[in-house]
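The lines below spell out each chain.
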Amino acid sequence: MAENNKDLKQLKIKTSAIKRIQKEFFGYQKEELKQNERIQKLKNQNADEADIKKQEEVLQETVQMYPNIIGRLVESVNELQVWLDGKLNDPLIDTSEEKTKALEAINEAQEFLKANNPAQ
């Protein structure tokens, strides 16, 4: 029984990781929008070119995070899928609410990846 509780805990952790990575991506998207607004505001105010360039560098750093996040999401989805495949005959896992949530998270992540990963 203790092993099954560990399995359910692992399932929750792996599912949460997928959701957390997606939230992180959305956070960077928000930051990108704010940074673009900041840059446009500086340009409209005829700010110093060095200030504009610095803000553009910050924007590039933000945008450069997307491939890393996508890669981690792909890895987490694959890891969870492999883990679930290894638990196919486990009645506690098969009938758990956590498995349903995990499958939903996988499906949502796959849709997210289709929409946000040009490499797929």
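Everything numeric here is computed off the predicted structure, so don't read it as measured data.

Break down the pattern of salt bridges for me, with residues and values.
All told, the structure shown has 10 salt bridges when counted by the stated rule. A salt bridge links Lys 14 to Glu 79, with the nearest nitrogen and oxygen atoms 2.7 Å apart. With Lys 14 in helix 1 (residues 2–44) and Glu 79 in helix 3 (residues 65–85), the pair connects residues that are 65 residues apart, well separated along the chain. The exposure class assigned to Lys 14 is buried, which follows from its relative accessible area of 14%. You can call Glu 79 partly exposed: its relative accessible area is 41%. With its nearest N and O atoms 3.7 Å apart, the salt bridge here joins Glu 111 to Lys 114. In this pair, Glu 111 and Lys 114 are both assigned in helix 5 (residues 97–116), three residues apart and thus about one turn of the helix distant.

Before we move on, can you summarise helix 5 with the specific residues and values?
Compared with an ideal rise of 1.5 Å per residue, which puts 20 residues at 28 Å, helix 5 spans 28 Å between its outermost C-alpha atoms and is within 8% of the ideal. Within the sequence span of helix 5, burial applies to Glu 98, Lys 99, Ala 102, Ala 105, Ile 106, Ala 109, Phe 112 and Leu 113. Within helix 5, the buried residues cover an arc of 145° as seen down the axis, which keeps them to one side. In helix 5, the exposed positions angled more than 90 degrees off the buried face are occupied by Glu 97, Lys 114 and Ala 115.

Quick rundown of the confidence of the model for the protein chain? Include the residues and the values.
Per-residue pLDDT for the protein chain averages 91, and the proportion of residues at 70 or more is 93%. Highest mean pLDDT in the protein chain belongs to helix 3 (95); lowest belongs to helix 4 (residues 91–94) (86).

Residues and numbers for the nonpolar core, please.
If you look at the biggest cluster of nonpolar residues, it comprises 20 residues, and the most contacted ones within it are Leu 11, Ile 18, Leu 73, Leu 80 and Leu 84. Looking at this core, the elements that each hand over two or more residues are helix 1, helix 3 and helix 5. Among the elements that make up this core, the one with the highest residue count is helix 3 (eight residues). What Leu 84 contacts, discounting residues up to four positions off in sequence, is Leu 11, Ile 93, Lys 99, Ala 102, Leu 103 and Ile 106.

Describe the environment of Leu 59, with residues and values.
For Leu 59, the location among the structural elements is in helix 2 (residues 49–63). Here Leu 59 falls in the buried class, since its relative accessible area comes to 12%. The residues contacting Leu 59, other than those within four sequence positions of it, are Glu 32, Gln 35, Asn 36 and Ile 39.

Please give an account of the side chain of Gln 35 that cites residues and values.
Here Gln 35 shows up in helix 1. Using a relative accessible area of 0% as the deciding quantity, one classes Gln 35 as buried. Side-chain polar atoms of Gln 35 contact the side chain of Arg 38, separated by 2.3 Å. Those residues in contact with Gln 35 that sit more than four places away from it in its chain are Gln 55, Val 58 and Leu 59.

Could you give an account of unusual backbone geometry, with specific residues and numbers?
Excluding glycine, residues mostly carry a negative phi; peptide bonds, for their part, are mostly trans. At Asn 46, a position not held by glycine, the phi torsion is positive, near 50°. Relative to the elements of secondary structure, Asn 46 occurs in the loop between helix 1 and helix 2. With relative accessibility at 69%, the residue Asn 46 sits in the exposed group.

The rules we used
Residues numbered from 1 in each chain as written. Predicted model: local features only at pLDDT ≥ 70, side-chain atom pairs only at ≥ 80, totals over all residues. Heavy atoms only, no water. Salt bridge = Lys/Arg side-chain N within 4 Å of Asp/Glu carboxyl O. Helix = DSSP H or I, 4+ residues; strand = E, 2+ residues; numbered from the N terminus. Buried < 20%, exposed > 50% of the residue type's maximum accessible area, 1.4 Å probe, protein only. Expected span 1.5 Å × (residues − 1). Arc of directions from axis to C-beta. pLDDT = per-residue confidence, 0-100. Core = buried A, V, L, I, M, F, W, Y, C linked by side-chain atoms within 4.5 Å. Contact = heavy atoms within 4.5 Å. Polar contact = N/O pair within 3.5 Å; in protein donor to acceptor, adjacent residues only side chain to side chain.

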